Amino acid sequence: MSAKSPRPVDAALAREFGLTAEEYGNVLSIMGRTPTFTELGIFSVMWSEHCSYKSSRAFLKTLPTTAPWVIHGPGENAGVVDIGHGLAAIFKMESHNHPSFIEPYQGAATGVGGILRDVFTMGARPIANLNALRFGAPGNPQTRRIVDGVVRGVGGYGNCVGVPTVGGEINFHPAYDGNPLVNAMTVGVARQDRIFLSAAAGVGNPVIYVGSKTGRDGIHGATMSSSEFDEDALAKRPTVQVGDPFVEKLLIEACLELMATDAIVAIQDMGAAGLTSSSVEMAGKGGVGIDLDLDNVPQRERGMTAYEMMLSESQERMLIVLRPDRTEQARAIFDKWELDFAVIGHLTDTGNIVIRHKGEVEADIPLAPLADQAPVYHRPTAPALRPQPMEPIIDPVGVEQALIRLIGCPDLASRAWVYNQYDSTVGGQTVRRPGAADAAIVKVEDTEIGLALTTDCTPRYCRANAKLGGAQAVAEAWRNITATGARPLAVTDNLNFGSPEKPEVMGQFVDAIAGMGEACRALDFPVVSGNVSLYNETRAPDGTSQSILPTPAIGGLGVLEDVRTAVGLEMPDGCDVMLLGETKGQLGQSIWLREILGAQDGEPPELDLAAERRNGDFVRGLIQNGTIIACHDVADGGVLVAVTEMVMAGQAGCVLDAPQSGMRPEAFWFGEDQSRYVIAVRDGQALATLAAQAGVPCRRLGRSGGQGLTLPSGSTISKARLLAVHSEFFPRLMDR
Amino acid sequence: MKAAIVVFPGTNRERDMAIALRGVAGQAPTMVWHRETALPAGTDLVVLPGGFSYGDYLRCGAMAAHAPIMAAIREFAQKGGHILGVCNGFQILTEAQLLPGALLRNAALRFLSQDCFLRVERNDTPFTRHWAKGDVFRTPMAHGDGNYIASADTIRMLEDTNRVAFRYVAEDGRVDAGDPQLNPNGSMNAIAGVFSENLRICGMMPHPEDLVDPLMGGEDGKPLFTGLVEALVG
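Residues numbered from 1 in each chain as written. Chains lettered and ligands numbered in written order. Predicted model: local features only at pLDDT ≥ 70, side-chain atom pairs only at ≥ 80, totals over all residues. Heavy atoms only, no water.

So, the overall build of chain B
Part 1 of the argument: Tallying secondary structure elements over chain B gives 5 helices and 11 strands in all.
Part 2 of the argument: Overall, chain B is about 45 × 35 × 35 Å in size when its C-alpha atoms are taken along their principal axes.
Part 3 of the argument: Burial statistics for chain B: of 234 residues in total, 61% are counted as buried.
Part 4 of the argument: Considering only contacts within chain B whose residues lie at least 6 apart along the sequence, 75% involve residues at least 24 apart.
Part 5 of the argument: Of the roughly 8700 Å² that chain B leaves accessible, carbon and sulfur atoms contribute 49%.
Part 6 of the argument: Averaging the locations of the 21 positively and 26 negatively charged side chains of chain B gives two centres separated by 4 Å. (Helix = DSSP H or I, 4+ residues; strand = E, 2+ residues; numbered from the N terminus. Buried < 20%, exposed > 50% of the residue type's maximum accessible area, 1.4 Å probe, protein only. Contact = heavy atoms within 4.5 Å. Areas by Shrake-Rupley, 256 points an atom, 1.4 Å probe, with all protein chains shown as cover. Lys, Arg positive; Asp, Glu negative; His and termini not counted. Charge placed at Lys NZ, Arg CZ, Asp CG, Glu CD.)

This is how it looks when you write it as structure tokens:
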């Protein structure tokens with residue numbers, strides 16, 4: 001065993017590495033001796049929150065993960081679902097929150113790179129990227145820097161690798177001031193009979209390292225993501241990795257070329273905790289041992305220690321177990337793409353991971369207890385603070401003024417400034433670009449199949465009622481997919497919360513998962529992959545710590561058997577514009593309440609999952625048979641914002657009737673009642689009859705046509721004015 | 001028509017281009033790796049597609065201009081061969097000095113991915129014969145470095161000899177090089193594409209290959225490929 005340790009290994013060092021006294025005690029009993037410096041590093045990253053899910057695992061298990069169309073659920077690098085014709089969609093969403101505050105460009109860029117690898121490592125060509133971004137208050141001086149860096153980073157990476165960025169969502173709230181959220185999602189497509197898994201097999205088989213060289217970047221990144229920020233957060237910049245999308249592009253092509261052969265036994269990307277987690281997980285899942293000789297690891301810097309190499313999070317690297325006689329065939333492919341290729345070890349029957357460096361054994365750890373005895377916590381929970389009840393409402397501005405303010409507000413303003421920096425057309429398969437439909441639509445090349453993709457969460461609902469908010473996020477993703485005509489298949493989740501050591505945060509987490517699970521079950525919309533990001537806190541100089549809003553972001557995927565049937569927001573002239581779903585005028589936690597009255601009060605709108613399913617199934621059927629020509633779900637801002645967005649998306653205007661609703665105008669027009677759709681049809685009467693038969697509440701809103709939006713008052717807002725107000729926010733914030 | 005698409009490390013729109021060419025030619029183009037030293041026998045058209053060749057880490061296109069395949073492409077050009085360079089391909093053609101000028105960072109210093117309108121400046125070339133002179137068509141653009149620049153003499157020469165292929169314009173064909181809405185990347189004289197002296201090499205920044213199917217939002221880019229196939233099949 002190597003005696004070279006830069007520091008004595010003891011409980012104090014373990015604490016510095018993020019292990020509790022009890023966890024360090026377990027390390028000692030597993031090892032039966034004091035671990036080496038490198039071994040302690042391996043335990044600390046494998047048992048970090050980021051890698052071990054120790055606070056969340058017990059609850060994640062309650063989520064539904066199966067359906068007849070699910071091929072691989074959670075546990076692999078990404079989720080896999082059957083999309084027909086022998087093809088599978090492979091997808092996952094992952095956070096890169098902490099690095100994105102410290103170094104927004106590289107944090108976001110490497111977030112995109114990491115999630116791409118999770119998908120192509122399973123044999124899929126990535127065909128779409130999406131994201132879910134949360135930033136601090138627009139007025140906070142940091143926000144501009146972070147938005148700028150994150151948007152450039154997402155674009156810089158995705159544009160270069162040539163995967164279109166087709167969708168996403170953005171919110172602003174002061175709770176994200178010191179802790180933005182960058183959640184990136186990748187969707188890929190593979191043949192079902194060519195899906196690659198990570199479980200290593202075959203004692204003696206070579207272990208191959210490919211991709212970029214290993215440097216000292218990102219050491220202990222996983223443990224950084226598992227603790228709160230303090231005022232020294234920016235001093236942690238050296239722990240942020242640096243991405244190289246050019247190498248990633250080469251790696252995608254080289255891996256897919258190798259995957260077309262039968263040379264690969266198992267493959268996994270080196271993500272968080274790099275070489276450690278990939279080797280430990282691959283060998284652990286396969287029930288074999290693994291010997292690595294770090295002298296053979298391609299290195300970017302001289303004099304790196306075993307500890308540094310095992311914990312480095314250098315990007316664009318993969319670990320592959322090959323069939324024994326295929327090494328030269330594989331080497332030739334990586335030579336062609338000018339990528340490093342090195343045999344760095346082999347599989348053994350010892351059940352241990354053994355790390356050698358310069359002739360010395362630097363680590364020798366039994367894999368089974370490293371995985372099985374990873375800590376699992378049932379941390380205490382406490383009920384979250386209930387929102388203030390709503391004050392009686394007096395509308396101070398009227399419908400027209402409120403609409404203008406809403407469509408220009410940070411959460412509803414046009415995102416074109418952002419998505420116009422993302423290449424959304426590369427690949428030539430983008431059927432609906434950002435903003436054109438409720439979900440992005442991407443065609444699967446050489447087929448008629450379309451995938452409908454969306455990311456959704458309403459954090460203000462989650463803060464007011466985490467269980468309802470968790471369910472609503474799932475339902476909204478389902479609704480957005482449905483609104484294009486696609487059949488929702490499955491979700492990936494990205495659970496962003498504050499510190500699990502705060503009982504009220506842990507309570508939010510447990511409640512949100514309960515709500516998500518309920519909605520997933522009710523809608524047959526299982527969770528097939530995901531990621532948890534905890535400790536999203538900012539510590540102020542006075543020692544208090546602020547948690548982010550609970551943000552269980554949902555990435556949804558649906559399928560269209562014939563992509564030509566998809567609809568978007570754009571309405572032709574001369575259609576009846578109808579509202580499907582029940583309107584109660586619920587303004588609690590609404591954007592209207594926040595933007596017009598400055599209040600964040602009340603319960604979020606109710607969610608009836610049976611009605612959700614009934615309304616959605618009705619809409620989908622009518623899109624499929626061509627009855628519905630345009631469709632938009634009703635979400636933030638309510639019905640009037642939905643209609644206005646449809647007007648702004650196309651050529652036709654809309655003339656609205658006076659609603660015979662018996663409720664106050666602001667409640668009718670801006671209430672955020674769930675499970676509703678605004679649709680355009682040729683014959684509203686016939687539609688109403690069909691809706692009545694299906695038990696779906698239906699009412700006419702008006703008729704498409706004209707040059708702008710004509711309100712029931714008779715006042716017309718021109719399309720130019722709507723667009724001007726809608727597109728003002730981002731340029732004003734960013735281009736000053 | 002036999003088309004060859006050159007693939008450099010980092011090229012990423014080669015499949016888009018292949019789909020567009022296959023759609024009109026009925027024949028899949030050949031992919032040619034950058035390390036090859038010869039073009040496939042009987043090549044009628046060489047296409048340099050979009051992407052980030054060699055990561056664009058030096059100047060866009062600067063490394064690719066010295067790739068092994070480029071000697072064969074120069075020879076092809078000297079013999080009067082037809083070459084289309086789109087986006088990174090345009091940048092490569094300028095770096096290889098097969099076309100005049102250079103492409104700088106977009107004026108707003110941001111990547112731009114949006115639709116733009118192009119005006120066809122002449123239609124007596126294989127690239128533009130399926131349009132009328134003055135036709136305006138919509139096409140996606142997606143680049144960080146598309147701001148066309150050349151010396152005053154070169155610009156004058158290009159204008160005097162009608163070698164501007166396409167210009168960024170308003171939907172009604174109006175040119176205003178000073179308006180970032182109409183000339184989004186700030187190109188001199190709103191130039192979006194240029195021809196070689198013999199009109200057989202064309203470079204352009206936007207991506208007509210991504211708008212050749214109504215399903216993707218239109219067929220505005222298709223005449224470029226239809227014209228090429230007609231002209232080169234003879």
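Details of the UniProt feature "active site" (unreviewed entry) in chain B
Residues and elements named next belong to chain B.
Part 1 of the argument: Summarizing the sequence annotation, UniProt attributes the feature "active site" (unreviewed entry) to Cys-87, His-207 and Glu-209 in the numbering used throughout. Of the residues just listed, which span 123 residues, no C-alpha pair is farther apart than 11.0 Å, and they cluster in one region.
Part 2 of the argument: As for its position among the elements, Cys-87 is in the loop between strand E4 (82–86) and helix H3 (88–95).
Part 3 of the argument: The exposure class of Cys-87 is buried, given its relative accessible area of 5%. (UniProt positions renumbered as here; feature names shortened; annotations may be inferred.)

Comments concerning the interface of chain A and chain B
Part 1 of the argument: Residue-level contacts link 38 residues of chain A with 29 residues of chain B.
Part 2 of the argument: Summed over both sides, the interface between chain A and chain B buries roughly 2700 Å², with carbon and sulfur atoms accounting for 49% of that surface.
Part 3 of the argument: It is A:Phe246, A:Asn420 and A:Arg433 in chain A that bury the most area against chain B; as a group they hold 19% of the surface buried on that side.
Part 4 of the argument: Counting the contacts that link chain A with chain B gives 7 salt bridges.
Part 5 of the argument: Across the pair A:Arg433 and B:Asp115 runs a salt bridge, and its minimum N-O distance is 2.9 Å.
Part 6 of the argument: In this structure, the connection of chain A to chain B is made through 18 residue pairs in polar contact (both at pLDDT 80 or more). (Buried area = accessible area lost by both parts, 1.4 Å probe. Salt bridge = Lys/Arg side-chain N within 4 Å of Asp/Glu carboxyl O. Polar contact = N/O pair within 3.5 Å; in protein donor to acceptor, adjacent residues only side chain to side chain.)

A look at the pattern of salt bridges
Part 1 of the argument: Within this structure, the stated rule accounts for 60 salt bridges over all chains.
Part 2 of the argument: Note that A:Asp217 and A:Arg300 form a salt bridge whose closest N and O atoms lie 2.9 Å from each other. Within this pair, whereas A:Asp217 is found in the loop between strand E7 (206–211) and helix H9 (221–224), its partner A:Arg300 is found in the loop between strand E9 (289–293) and helix H12 (306–311), the two being separated by 83 residues in sequence.
Part 3 of the argument: Across the salt bridge formed by A:Asp325 and A:Arg326, the nearest N and O atoms sit 3.8 Å from each other.
Part 4 of the argument: According to the relative accessible area criterion, A:Asp325 is exposed, its value standing at 61%.
Part 5 of the argument: A cluster of three or more residues bridged by salt bridges with shared partners is formed by A:Asp148, A:Arg152, A:Asp735 and B:Arg110.

Quick notes on unusual backbone geometry
Part 1 of the argument: The phi dihedral of A:Glu338 is positive, around 60 degrees, even though this residue is not glycine.
Part 2 of the argument: We note that B:Leu109 has phi near 60 degrees; this positive angle belongs to a residue other than glycine.
Part 3 of the argument: Within the secondary structure, B:Leu109 sits in the loop between strand E5 (102–104) and strand E6 (112–120).
Part 4 of the argument: For B:Leu109, a relative accessible area of 46% gives the class partly exposed.

Focus: the nonpolar core
Part 1 of the argument: Core analysis: the largest hydrophobic core is formed by 97 residues, its most contacted members being A:Phe334, B:Phe8, B:Ile69, B:Ile73, B:Leu84 and B:Phe166.
Part 2 of the argument: Ranked by the residues each element gives to this core, the list is headed by helix H10 (residues 245–259) of chain A, at 10 residues.
Part 3 of the argument: B:Phe8 has contacts with B:Trp33, B:His34, B:Leu48, B:Ser53, B:Tyr54, B:Ala64, B:Ala67, B:Ile69, B:Met70 and B:Ile92, leaving out every residue within four places of it along the chain.
Part 4 of the argument: Counting 87 residues, the second-largest nonpolar core is a separate cluster that includes A:Met185, A:Val442, A:Ala471 and A:Ala486. (Core = buried A, V, L, I, M, F, W, Y, C linked by side-chain atoms within 4.5 Å.)

Some points on the sheet that holds strand E3 (residues 87–95) of chain A
All names here are of chain A.
Part 1 of the argument: The sheet built from 6 strands is open, its strands ordered E1-E2-E3-E6-E4-E5 with mixed pairing. Two strands lie at the open edges of the sheet, namely strand E1 (70–72) and strand E5 (165–172), each paired on one side alone. When strand polarity is set aside, the average angle formed by the axes of neighbouring strands in this sheet is 25 degrees.
Part 2 of the argument: With 5 bridges connecting them, strand E2 (residues 79–84) and E3 associate as antiparallel partners. Residue pairing across strands places Gly-84 opposite Leu-87, the latter belonging to E3.
Part 3 of the argument: The strands that helix H7 (residues 104–120) touches are E3, strand E4 (125–135) and strand E6 (181–191); relative to E6, the one it contacts most, it runs at about 25 degrees. (Pairing = 2+ DSSP bridges. Axes fitted to C-alpha atoms, helices over the stretch in contact; angles between N-to-C directions.)

Notes on the domain arrangement of chain A
Residue and element names in this part refer to chain A.
Part 1 of the argument: Along its sequence, chain A is carved into domain 1 (56–195 + 398–565), domain 2 (198–371) and domain 3 (575–735).
Part 2 of the argument: Measuring from the centre of the C-alpha atoms in domain 1 to the corresponding centre in domain 2 gives 27 Å.
Part 3 of the argument: Across the contact, 39 residues belong to domain 1 and 40 residues belong to domain 2.
Part 4 of the argument: Across the domain 1/domain 2 interface, buried area totals approximately 3200 Å², and carbon plus sulfur atoms make up 56% of it.
Part 5 of the argument: Of all residues in domain 1, Ile-102, Arg-117 and Phe-120 bury the most surface against domain 2, accounting for 22% of the area lost on that side.
Part 6 of the argument: Seen at the junction of domain 1 and domain 2, the total is 2 salt bridges.
Part 7 of the argument: Glu-253 is paired through a salt bridge with Arg-125; the nearest N and O atoms lie 2.9 Å apart. (Domains from an automatic or database assignment.)

Focus: helix H25 (residues 719–726) of chain A
Residue and element names in this part refer to chain A.
Part 1 of the argument: Looking at H25, one finds that the buried residues are Lys-719, Leu-722, Val-725 and His-726. Mapping the buried residues of H25 onto a view down its axis gives an arc of 130 degrees, with all of them on the same face.
Part 2 of the argument: Of the surrounding elements, those touching the buried residues of H25 are helix H15 (399–408), helix H22 (638–649), strand E27 (708–710) and strand E28 (716–718). (Arc of directions from axis to C-beta.)

Section: the sheet that holds strand E14 (residues 430–432) of chain A
Residues and elements named next belong to chain A.
Part 1 of the argument: Read from one edge to the other, the open sheet built from 6 strands follows the order E14-E15-E16-E21-E17-E18, with strand pairing classed as mixed. Edge strands, defined here as strands with exactly one partner in the open sheet, are E14 and strand E18 (527–533). Here the average twist between neighbouring strands, direction ignored, is 20 degrees.
Part 2 of the argument: Relative to strand E17 (residues 487–496), helix H19 (residues 503–522) is tilted by about 175 degrees, and along the sheet it contacts E17, E18 and strand E21 (551–560).

What to know about the packing of helix H2 (residues 21–31) of chain A against helix H3 (residues 37–46) of chain A
Residues and elements named next belong to chain A.
Part 1 of the argument: Put simply, H2 and H3 touch, their axes get as near as 11 Å, and they point 125 degrees apart. As summarised for this structure, H2 and H3 are arranged oblique, according to the angle between their axes. Remark: the crossing between H2 and H3 carries right-handed chirality. In this structure, H2 uses Tyr-24, Val-27, Ile-30 and Met-31 to contact H3, whose residues at the interface are Glu-39, Leu-40 and Phe-43.
Part 2 of the argument: A class-by-class count of the residues in the contact of H2 with H3 yields 6 nonpolar, no polar and 1 charged. (Parallel < 35°, antiparallel > 145°, perpendicular 65-115°, else oblique. Left-handed = near helix turned anticlockwise from the far one by under 90°. Nonpolar A, V, L, I, M, F, W, Y, C, P; charged D, E, K, R; others polar.)

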